[in-house]
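Report on the structure
The primary structure of each chain is shown beneath.
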Amino acid sequence: MVSFCCRRFAFLIIFLFAAQYERVYAGSFHKDVQIHWGDGRGKILDNVGNLLSLSLDKFSGSGFQSHQEFLYGKVEVQMKLVPGNSAGTVTTFYLKSPGTTWDEIDFEFLGNISGHPYTLHTNVYTKGTGDKEQQFHLWFDPTVDFHTYCIIWNPQRVIFTIDGIPIREFKNSEALGVPFPKHQPMRLYASLWEAEHWATRGGLEKTDWSKAPFTAFYRNYNVDACVWSNGKSSCSANSSWFTQVLDFKGKNRVKWAQRKYMVYNYCTDKKRFPQGAPPECS
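Residues numbered from 1 in each chain as written. Predicted model: local features only at pLDDT ≥ 70, side-chain atom pairs only at ≥ 80, totals over all residues. Heavy atoms only, no water.

Some thoughts on the state of the cysteines
Filter applied, for reference: Whenever a pair of cysteine sulfur atoms sits within 2.5 Å, that pair is classed as a disulfide. Every helix listed is a DSSP run of H or I at least four residues long, and every strand listed is a run of E at least two residues long, numbered separately from the N terminus. Accessibility here uses a 1.4 Å probe with only protein chains present; expressed as a share of the type maximum, an area under 20% marks a residue as buried, one over 50% as exposed, and anything in between as partly exposed.
Taken as a whole and assessed by the stated rule, the structure comprises one disulfide. C267 shares a disulfide with C281; S-S distance 2.0 Å. In this structure the cystine formed by C267 and C281 twists about its S-S bond by roughly -75 degrees; its chirality is therefore left-handed. Taken together, the positions of C267 in the segment after β15 (262–265) and C281 in the segment after β15 put the pair 14 residues apart, joining distant regions of the chain. Cysteine C150 is unpaired, with the sulfur of C226 as its nearest cysteine sulfur at 14 Å. Take C150: its relative accessible area is 2%, and that puts it in the buried class.

Here we look at the UniProt feature "active site" (unreviewed entry) in the chain
Cut-off, in case you're wondering: UniProt positions are given in the numbering used here, feature names are shortened, and annotations may be inferred rather than shown by experiment. Contacts: residue pairs with any heavy atoms within 4.5 Å of one another. Definition of a polar contact: a pair of N or O atoms within 3.5 Å, with one able to donate and the other able to accept a hydrogen when the atoms are protein atoms, and with sequence-neighbouring residues admitted only if both atoms are side-chain atoms.
Annotation from UniProt places "active site" (unreviewed entry) at E104 and E108. What makes E104 buried here is its relative accessible area of 9%. Each residue touching E104, except ones within four places of it in the same chain, is listed here: Y94, L95, K96, N123, V124, Y125 and M186. Side chain to side chain, E104 and W102 meet in a polar contact 2.7 Å long. With respect to the secondary-structure elements, E108 resides in strand β6 (residues 104–110). For E108, a relative accessible area of 12% gives the class buried. Those residues in contact with E108, other than ones at most four positions away along the chain, are V90, T91, T92, T119, L120, H121, W193 and W198.

Some remarks on the packing of aromatic side chains
What counts is decided by this rule: Centres within 6.5 Å make a pair out of two Phe, Tyr or Trp rings, where for Trp the six-membered ring is used; the pair is then stacked when the planes are under 30 degrees apart, edge-to-face when over 60, and tilted otherwise.
For the structure on display, the rule yields 21 aromatic pairs. Between F29 and F64, the aromatic rings sit 5.5 Å apart at their centres with planes inclined by 65 degrees, giving edge-to-face as the arrangement. Taken together, the residues F29 in helix α2 (residues 29–32) and F64 in strand β4 (residues 62–80) connect sequence positions 35 residues apart.

A closer look at the nonpolar core
Note the following rule: In these notes, a set of buried Ala, Val, Leu, Ile, Met, Phe, Trp, Tyr and Cys residues joined through side-chain atoms within 4.5 Å is what counts as a nonpolar core.
Residues F64, F109, I151, W153, L188 and Y218 are the most contacted members of the largest nonpolar core, which totals 58 residues. Sequence-distant contacts of F109, that is, excluding residues within four places in its chain, are made with M79, L81, T89, V90, T91, Y118, T119, L120, L138 and Y149.

Regarding the pairing of strand β13 (residues 214–229)
Threshold: Two strands pair if DSSP finds at least two bridges between them.
Across six bridges, strand β3 (residues 51–56) lies against β13 in antiparallel orientation. Directly across from L54, in β13, lies its bridge partner A216. As defined by bridge partners, β4 adjoins β13 across nine bridges and the pair is classed as antiparallel. Directly across from K74, in β13, lies its bridge partner D224. Bridge count between β13 and strand β14 (residues 232–234): three bridges; the pairing is antiparallel. Directly across from S229, in β14, lies its bridge partner K232.

Things to note about unusual backbone geometry
Geometrically, the link from A212 to P213 is a cis peptide bond, its omega value of 5 degrees lying close to zero. Assignment of secondary structure puts P213 in the loop between β12 (186–194) and β13. Notably, K127 is not glycine yet its phi reads approximately 55 degrees, a positive angle. Checked against the element boundaries, K127 lands in the loop between β7 (119–125) and β8 (134–136). Owing to a relative accessible area of 56%, K127 belongs among the exposed residues under this scheme. Residue D131 is not a glycine yet carries a positive backbone phi of 60 degrees. Secondary-structure assignment places D131 in the loop between β7 and β8.

Points about the side chain of T148
Within the fold, T148 resides in strand β9 (residues 147–154). For T148, a relative accessible area of 18% gives the class buried. A polar side-chain atom of T148 sits 3.1 Å from a polar atom in the side chain of Q78. Leave out the neighbours within four places in its chain, and T148 touches E76, V77, Q78, T161, I162 and D163.

So, in structure tokens, the structure goes:
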């Protein structure tokens, strides 16, 4: 009898402790996001809300956003990008806070003329300032099939992964005077829009509107994150992503991706930083 009561008491304590924390395991575009612009160009394509498309034509692009805001989390989705001549188009999946001094963590895919690779543009903004760009050409054609793109954001680092392979780690370097996104809750966004003035070869390749509408697909949206509500983040440190670091294998994967597929790294841009690389690059 004592043992049974103790077990009930222990279960109650665990239940009450867990109830303090609210984590999201999203899986339905119907339930977890809203298509907030595009005038019908964004569409949820199935009843369960697993597949969504965004389209762009000469008049407008489209996008969706999560209903909730998060302060730290693991967010991922599978994407299949615009095929063929996608010059001037930008397809995105990112986290962003509101306001003029916003925080932001970006996956942006810059389209190209047929036969040339997409450029994956990653960036981290803190208090409205970015300038932390790294760009990659992928080791696969992202228009042929779906691939999983993931942002892991915890108090010590941001990790970008593709199909489970880490390609970039942005560490918390506040000890060096480098701001880190840790105070502003962010909403999850995705969009397909036109940026022909800069997106492809610095704006040299213009959008071929005869190929419109351009369409990208999203599926298997999933969020395991700390929900921001009533001015605070309900967050459990027991989630593996909350303390996730790159092990030896993960660090080698980052080195592999950057050695073979990186096409721009702000840390090595001597024209932008003639006095030396920013402190977080050391």
